[in-house]
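So the chains spell out like this:
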Amino acid sequence: MISNQHLGKFKFSFLATVLIAIFCVFWVSFRLPEPSFLLVDPDGGHQLAGANQILFGEHPFIHFRSTYGPLVFYASALSQILSGKRIIGEMILLVVGYSIAYVLLFRLLWLASGRLSISIVFTLLGLTLIPRIYKYYIVLGPVMSLFAAWSYVERPSRRSLWFLALEIAITGLFRPDFGVYSALCGIVVVGLRPTPKLLVKIQRLSVFVGAIIVCASPWLIWSLLNGGLGNYFYDSTFGAVNHAVGLSLPLPGFKGDGSLISPENAVFVVSRFFYALPVVSIFVAILRRNQMTEEERRKILATAILAQAALLQASHRADYGHLLQAIPVSFVLCAWLTGVAISLLQSGSFWQRRYAVAGLGTLVGIAATFIFITTSLSMWPRFDLYSLQDNLRIYSGSTQTFLNYVEQKDPDNWHIKAIRYTQRCTSSSQRILALPFLTSLYYLADRPFGGGQMLLAPGYFSTKNDQVRMVKRMSDEKVSLVIDIKDFVYDNREDRKVKKYASLVFDYLEKNFIEVKKIDPAVVKVNREQIPVLSTNRAIEVSCPIEYSKDRI
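Residues numbered from 1 in each chain as written. Predicted model: local features only at pLDDT ≥ 70, side-chain atom pairs only at ≥ 80, totals over all residues. Heavy atoms only, no water.

J.: Please set out the sheet that holds strand β1 (residues 432–435) residue by residue, giving values where relevant.
T.: Strand order in the open sheet formed by 4 strands is β1-β2-β4-β3, and the pairing between neighbours is mixed. Strands with a single pairing partner mark the edges of an open sheet, and in this sheet they are β1 and β3 (513–519). When the angles between neighbouring strand axes are averaged without regard to direction, this sheet yields 20°. Pairing analysis gives 4 bridges linking strand β2 (residues 481–484) to strand β4 (residues 522–527), with the strands arranged antiparallel. What sits directly across from V482, in β4, is K525. (Pairing = 2+ DSSP bridges. Helix = DSSP H or I, 4+ residues; strand = E, 2+ residues; numbered from the N terminus. Axes fitted to C-alpha atoms, helices over the stretch in contact; angles between N-to-C directions.)

Dropping the structure here:
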C-alpha cells in the first residue's frame, strides 16, 4: 500500500512536471519563426522538402540521398498528412518535440541535483538557449535516451532494457550519429551493471544490442527490400563525415585586439567551459566515489560520455548555433555539480566549502555569460501574443495563403517571385532544383526535386562519383528548371563555391541549361531541350518563356 507521504510526493512531482510542460509549450510557441523567416530558412526547409518528396512517392536513401536519418523526413511528412499539407502541422511537431525534450530534461535535472529549485533554474536556462527551432530531434533524441538510461539504472528489468533500446533506435533513425552516442551511453549503464559473472554481462550487452536492432528493424528491412539499405549505411557514415569535413570551421578563439567583453569572446568562454565539463564531472565523481552509490556513478559516467560525444560532434562546425544544440545533456552535469556543491557547503570541510563556492561562482558566471550573449545577439523570444496568433492563423491556412501574406508584407521579396515563377512555369510533375541551398522552395512551390539530392554543399555528396550520379539522374529525370544563386559562397570562402566543390554538376548546368530570367540574386535556368509547361493555376500572374528561338538556344 502506498503511504500518504509517498502519495503526496507523487502528486507534487506530477503537478510540477505538468506546470513545466505547460510553460515549455508556451515558451517554444513564442520561439516559432516569423513567416518571412520561414520562407528563407534553408535548414528548416530541408526537412519539409524531404517530407514533400515523400508525399510525391519518393523515399530517403531509396530515391534521394541524405546525411540525416529517415525519421527527420517521415515525422514531417506525417505532420503534413495530418494537417492537410499545411505549415501548422510542422509548427505543432516542433512545439511538441521540444516540449517533450525539455520536460524530460527537467526530470533529469531534478533527479541529478535532488532539488526542485535547481532543476527549474537550469530548465529555464536551457529554454533560453534553445537551439534553432527546426532542430527539435537533436535535443529530443539524446535527452530521451538519457532519461531511459537513468530509468534502467534505477529499475533494471527486461522492460526498461527494451525501453532504452527503443529510445536509442528512435534517436538513431532521426540522426545516426546521435544514435551511436546514445548507444555508447546505453552500453555504459547496461555493461557496468554489477554482476559477479562476465558471461552475464556479455549476455546483457548482446540482448541490449539485439534489442536496438530489432527496434530499428522495420526501417532496416523495408529499406533493404526497396534497395536503400546500402545507401543508408553509406550516407550515415561516409556521407556524414564528408559533409562535416567539407563545412568544418575552426573552434572560436579569444580575440584580444578589440573589446575583451564581446559576444565573440563570451562564446569562446562558454564553449571551453562545456568542452571541459564532462571531464571535470568524471574527476569530481572519482573524488566522491565513496560518497556515491553505484547507481549514481553509472548515471554520471553515462551522462558525461553522451555529453562529450555530442560536443565533439558539434566541434566540426564550431559556431554558437552548433554549441547550443550540443549542450542540453551537459545541463544534467551542471545540475549534479550544483547539488554536490550545495551539499559540501552544508557539511563539507573548510577546503571543500572553498571549492564549492568556486564551483558555484563559475556556474553563475557561465549563466551570466549566456545571458550576455543572448542579449547581445537579440536571441530572446518576442512575447507578442497578437503576433503569435496572427502567425498561427497564417500557418493554419494553405501554402498559397502563406505566400499571399508574405507577398503583401514584402512585394519585392525575391523568394516569393522565384516560387511564383516555378508554380506558373512548371507542372506539378516536373522536377526542379533550387541551388545551392534553397530547400524551402520545393515545399512552398510544391514541386519534387531532381538529381537525387535537394542541395549542393561542400562535402555533401560532392565526390566525383556522387557528381556523376547526380548528373545522370538529372538527365534521366529531365529536370526542367533550376533556380540558382550563381555567386553563392559558403562561409565567404572561394573554395566553397559550387564550381569549386561540384565542378561536374556546375559544368553540366552550364552546358545544358540556359538562363531565361533574373530574380535578383537568383537566376532562372531552363533545360535547353525542354519547353516549360504552363501551369493551370491562372491566379498566378507571372509571365514565363514558352518557347525560344534557335539563335538564343
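J.: Could you give an account of the packing of aromatic side chains, naming the residues involved and the relevant values?
T.: Scanning all chains against the criterion turns up 36 aromatic pairs. Their ring planes at 85° and their centres at 5.3 Å tell us that F64 and F449 sit as a pair that is edge-to-face. One end of the pair, F64, is in the loop between α3 (42–55) and α4 (70–82); the other, F449, is in the loop between α20 (440–445) and α21 (464–477), with 385 residues separating them in the sequence. Classification of F64 as buried rests on a relative accessible area of 1%. According to the relative accessible area criterion, F449 is buried, its value standing at 1%. Pairing F106 with W110 gives two aromatic rings, centres 5.6 Å apart and planes at 50°, and the pair type is tilted. Taken together, the residues F106 and W110, both in helix α5 (residues 87–113) and 4 residues apart, mark about one turn of the helix. The burial state of F106 is the same as that of W110; both residues are buried. Three or more aromatic residues joined by ring pairs make a cluster, and in this case those are F61, Y74, W219, W222, Y232 and F233. Sitting over the ring of F56, K85 keeps its end group 5.5 Å from the ring centre. Residue placement shows R175 over the ring face of Y68; its charged tip is 4.6 Å from the ring centre. (Phe/Tyr/Trp six-rings, centres within 6.5 Å; stacked < 30°, edge-to-face > 60°. Buried < 20%, exposed > 50% of the residue type's maximum accessible area, 1.4 Å probe, protein only. Lys NZ or Arg CZ within 6 Å of the ring centre and 35° of its normal.)

J.: How would you sum up the side chain of S271? Please name residues and give values.
T.: Here S271 lies in helix α12 (residues 263–287). Its relative accessible area of 3% is what places S271 among the buried residues. Not counting chain neighbours up to four residues away, the residues in contact with S271 comprise P252 and L323. (Contact = heavy atoms within 4.5 Å.)

J.: Please provide a residue-by-residue account of the pairing of β3, values included.
T.: Here 6 bridges tie β3 to β4, and the two strands are oriented antiparallel to one another. Note that in β4 the partner of I519 across the bridge is A522. Linking β3 back to β4 in an antiparallel pair, the connection comprises 2 residues.

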